[in-house]
Amino acid sequence: MITAERMAAVDENAAALGVPQRALMESSGSAVAAAVREHAPAGASVVVLAGRGNNGGDGLVAARFLDDYDVAVRLLGRPESIGTDVARANWDALAAAEADAEAVGDSAALDLDAEDPDCVVDAVLGTGATGPLREPAATAAAAINATDATVVSVDVPTGVDADTGEAVAGAVRPDHVVTFHDEKPGLADVAAPVTVADIGIPAAAERFVGPGDLVPLARRAESHKGDHGEVLVVGGGPYAGAPALAARAALRAGADIARVATPDAVADAVQSYSENLILHPLPGERLAPVHVETVAEAAAAHDVVVLGPGLGDAPETREAVRDLLAAVAGPVVVDADALAVVPEVETEAALVCTPHQGELREMGGPSSDDWRERADLVASFAADLGVTLLVKGAYDVVSDGETTRVNRTGNPGMTVGGTGDVLAGATGALRARLPPVDAAAVGAYANGRAGDAAVDEAGYGIVATDLLDRLPGGLSRE
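Residues numbered from 1 in each chain as written. Predicted model: local features only at pLDDT ≥ 70, side-chain atom pairs only at ≥ 80, totals over all residues. Heavy atoms only, no water.

Peer 1: So, the overall build of the protein: which residues are in play, and what are the values?
Peer 2: Helix and strand content of the protein: 17 helices and 16 strands. Its C-alpha atoms put the protein at 85 × 40 × 40 Å along the principal axes. Each of the 478 residues in the protein was classed as buried or not, and the buried ones make up 54%. The contacts in the protein between residues at least 6 apart in sequence include a share of 69% that link residues at least 24 apart. Roughly 19500 Å² of accessible area belongs to the protein as shown, and the carbon and sulfur atoms make up 46% of that amount. Counting 32 positive and 73 negative side-chain charges, the protein places the averaged centre of each group 5 Å from the other. (Helix = DSSP H or I, 4+ residues; strand = E, 2+ residues; numbered from the N terminus. Buried < 20%, exposed > 50% of the residue type's maximum accessible area, 1.4 Å probe, protein only. Contact = heavy atoms within 4.5 Å. Areas by Shrake-Rupley, 256 points an atom, 1.4 Å probe, with all protein chains shown as cover. Lys, Arg positive; Asp, Glu negative; His and termini not counted. Charge placed at Lys NZ, Arg CZ, Asp CG, Glu CD.)

Pasting the structure below:
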């Protein structure tokens, strides 16, 4: 099954792979026409009620494929208000063909009784629509429900939530549903047969991270400080640059606040990297068990913890990491020296672990030079550990044991030290807003794009800080 939001992402990823929305709409419309042929004999009268979005566009295409039927198309609204170029092009195609296609500017003028169709195609609202039906959709849905004609709904019935199955007052009650690519969760509650049509979306649009995966990051105009995450980076001691990189990356990836819990010995050095960081100094030279209670309390006040950058592998630090993971319950991104402790710890925290392949082996995990084989192995190991893994490599593999994604952005210039700290911080910021697999996948994608932009400008002599200013661009859909 696939949610409405994920479907939108996959559509955009397919376009990025060279399968444009227009091609997908042609396939969708053809599938709807095939369903009509199953339920009405050639020559029967068919009315297509089309909304002004891509769901309506699917219906417009279906009308073109039904030239051996008596087809009438009724567009709900003005043609100039059609919401997408591809749907508008299909309306123009019907007009150019002098089809029986009329715009219904006033929903009160819609009269299915007078049309007396044998079949009605419900192409009014699709997977992106939620909430109560508004005009003209409400009148159209009522007219559909009042007819004796066979009703074929496109993707989801108008008024039914594609994810939850909740049907609002007046929702269309179809006789058949044609949905695309994969079944939508909400269709399980629809009392009608459902056909899942393959419309030519390549498997790569789901497996490989792409621009569509950035869709959920759109911000509301009424956003306030803190809405996009407060991140606590726990790191430093032997090193000062790593926690600073991670925290600065969290801010560049959209977090509203980044705090750094770090030993006193390096706190001034960490602060010196940016006035945008908020420091939480810990007494001493390295993280130790005595700090766990304080850090756990701080963690509880943040949306996400990024644990590991620059901590080192001293025995007392590893003990502190074990105790801290056992004490926290929220989202944690684990990186660097903290990774080795993960297989030994029972924790209620939702972990995203970001090892490179050497670190994965130290965790007891698998290794393979072939990314396809590695993807399967990582999925199995993630399931065993009960965590989400982001295994860095030429092809980054992300899996929680059930869902596996692969990222192809990035380049050999990113072997320079510190790029993993940037990735950990960016993933932390994204984890404040996204589920674990999505956060890790988008983090890898954006980090790789930032690295690609840096290498395009400067060649392979880049450093990790070159990625920071390019992270916002890496998270842009433009």
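Peer 1: Pulling in residues and values, what's your account of the packing of helix H3 (residues 54-65) against helix H4 (residues 85-96)?
Peer 2: Following both chains from N to C, one finds H3 and H4 inclined at 30°, their axes separated by 8 Å at the closest point. Judged by the angle between their axes, H3 and H4 are roughly parallel. Crossing of H3 against H4: the hand is left-handed. Taking contact as the criterion, the partners of Asn-54, Gly-57, Leu-60, Val-61, Ala-63 and Arg-64 in H3 are, on H4, Val-86, Ala-87, Asn-90, Trp-91, Ala-93 and Leu-94. Of the residues assigned to the contact of H3 with H4, the class counts are eight nonpolar, three polar and one charged. (Axes fitted to C-alpha atoms, helices over the stretch in contact; angles between N-to-C directions. Parallel < 35°, antiparallel > 145°, perpendicular 65-115°, else oblique. Left-handed = near helix turned anticlockwise from the far one by under 90°. Nonpolar A, V, L, I, M, F, W, Y, C, P; charged D, E, K, R; others polar.)

Peer 1: Tell me about the sheet that holds strand S16 (residues 404-407), and please be specific about residues and values.
Peer 2: Strand pairing within a sheet occurs via backbone hydrogen bonds; the two strands may be parallel or antiparallel. With mixed pairing, the nine strands of this open sheet are ordered in space as S10-S9-S8-S11-S12-S13-S14-S15-S16. Two strands close off the open sheet at either side, each with one partner strand: strand S10 (278-282) and S16. Each adjacent strand pair in this sheet contributes to an overall mean axis angle of 15°, direction not counted. Along the sheet, helix H9 (residues 264-272) makes contact with strand S9 (257-263) and S10, crossing S9 at roughly 145°. (Pairing = 2+ DSSP bridges.)

Peer 1: Go over the side chain of Arg-431 with me, naming the residues and quoting the values.
Peer 2: When you line up the elements, Arg-431 lands in helix H14 (residues 419-431). For the buried Arg-431, no salt bridge is present, and the opposite-charge side chain at shortest range is Asp-438, 9.0 Å distant. Excluding its chain neighbours within four sequence positions, the residues that come into contact with Arg-431 are Val-304, Pro-331, Ala-350, Val-352, Pro-436 and Ala-439. (Salt bridge = Lys/Arg side-chain N within 4 Å of Asp/Glu carboxyl O.)

Peer 1: Please provide a residue-by-residue account of the pattern of salt bridges, values included.
Peer 2: Summed over all chains, the structure comprises 16 salt bridges. Arg-74 is the partner of Asp-100 in a salt bridge, and the nearest nitrogen-oxygen pair spans 3.1 Å. In this pair, Asp-100 is assigned in the loop between H4 and strand S3 (101-104) and Arg-74 in strand S2 (residues 70-76), connecting sequence segments 26 residues apart. In this structure Asp-100 comes out as partly exposed when scored by relative accessible area, which is 35%. Residue class for Arg-74 comes out buried when judged on its relative accessible area of 7%. In this structure, Asp-155 and Lys-184 form a salt bridge, with 3.2 Å as the shortest nitrogen-oxygen distance. With Asp-155 in the loop between strand S5 (150-154) and strand S6 (176-180) and Lys-184 in the loop between S6 and strand S7 (194-197), this residue pair connects regions lying 29 residues apart in the sequence. On the basis of relative accessibility, which here comes to 0%, the residue Lys-184 falls in the buried class.

Peer 1: Which residues make up a negative patch on the surface, and what are the values?
Peer 2: The grouping of Asp-70, Asp-111, Asp-113, Asp-116, Asp-118 and Asp-148 at the surface amounts to a negative patch. Mapped onto the fold, Asp-113 is located in helix H5 (residues 112-115). Given the relative accessible area of 63%, Asp-113 is considered exposed. (Patch = residues over 30% accessible without salt bridge, like charges linked within 9 Å, V, L, I, M, F, W, Y side chains within 5 Å.)

Peer 1: Just give me the short version of helix H15 (residues 436-458), but keep the residues and values in it.
Peer 2: For H15, built from 23 residues, the straight-helix expectation of 33 Å at 1.5 Å per residue is met to within 8% by its first-to-last C-alpha distance of 33 Å. Once H15 finishes, Gly-459 follows within two positions and takes phi at roughly 80°, a positive value. (Expected span 1.5 Å × (residues − 1).)

Peer 1: For the pairing of strand S11 (residues 304-307), give the residues involved together with the corresponding values.
Peer 2: Side-chain alternation along S11 places Val-304 and Val-306 on one buried face and Val-305 and Leu-307 on a second face that is also buried. In terms of strand pairing, strand S8 (residues 230-234) meets S11 through four bridges, oriented parallel. Paired with Val-231 across the two strands is Val-304, which belongs to S11. The sheet contact formed by S11 and strand S12 (residues 331-334) spans three bridges and is parallel. Looking at the pairing, Leu-307 lines up with Val-334 of S12. Remark: the S11/helix H11 (residues 315-327)/S12 crossover connection has right-handed handedness. (Right-handed = clockwise from strand over helix to strand, strands pointing away.)

Peer 1: Describe the sheet that holds S5, and please don't skip the residues or the numbers.
Peer 2: Strands sit in the order S3-S2-S1-S4-S5-S6-S7 across an open sheet of seven strands; the sheet is parallel. Of all strands in the sheet, those with a lone pairing partner are S3 and S7, marking the two edges. Here the strands of the sheet are splayed against their neighbours by 20° on average, with no regard to which way each runs. As paired elements, S5 and S6 share three bridges and run parallel to each other. Looking across to S6, one finds that Val-152 is bridged to His-176.

Peer 1: I'd love a proper account of the nonpolar core, names of residues and values included.
Peer 2: Counting residues in each nonpolar core, the largest one holds 52 residues, and the members touching the most others are Val-270, Val-422 and Leu-475. Of all elements in the fold, only S8, helix H8 (241-252), S9, H9, S11, H14, H15 and helix H16 (465-468) reach the threshold of two or more residues within this core. A per-element tally of this core places H15 first, with 11 residues. Dropping the residues within four chain positions of it, Leu-475 is found in contact with Leu-214, Leu-217, Arg-252, Ala-253, Leu-430, Val-442 and Ala-446. (Core = buried A, V, L, I, M, F, W, Y, C linked by side-chain atoms within 4.5 Å.)

Peer 1: Help me get a handle on the layout of surface pockets, residues and values and all.
Peer 2: By volume, the largest pocket amounts to about 940 Å³. What lines the largest pocket is a set of 41 residues, among which Leu-125, Gly-126, Thr-127, Gly-128 and Ala-129 lie closest to the centre. Among the elements that make up the lining of the largest pocket, the one with the highest residue count is helix H1 (residues 4-16) (five residues). Considered class by class, the residues forming the lining of the largest pocket number 18 nonpolar, 13 polar and 10 charged. If you go around the second largest pocket, you meet 32 residues; those closest to its centre are Lys-392, Met-414, Val-416, Thr-419 and Gly-420. Breaking the lining of the second largest pocket down by element, the ones donating at least two residues are H14 and H15. With four residues, the top contributor of residues to the lining of the second largest pocket is H14. Its residues assigned to classes, the lining of the second largest pocket comprises 10 nonpolar, 16 polar and six charged. (1 Å grid on protein atoms, 1.4 Å probe; cavity = no way out; pocket = protein on both sides within 12 Å on 5 of 7 lines; lining within 4 Å. Points joined across faces, edges and corners; volume = space filled by probe spheres on them.)

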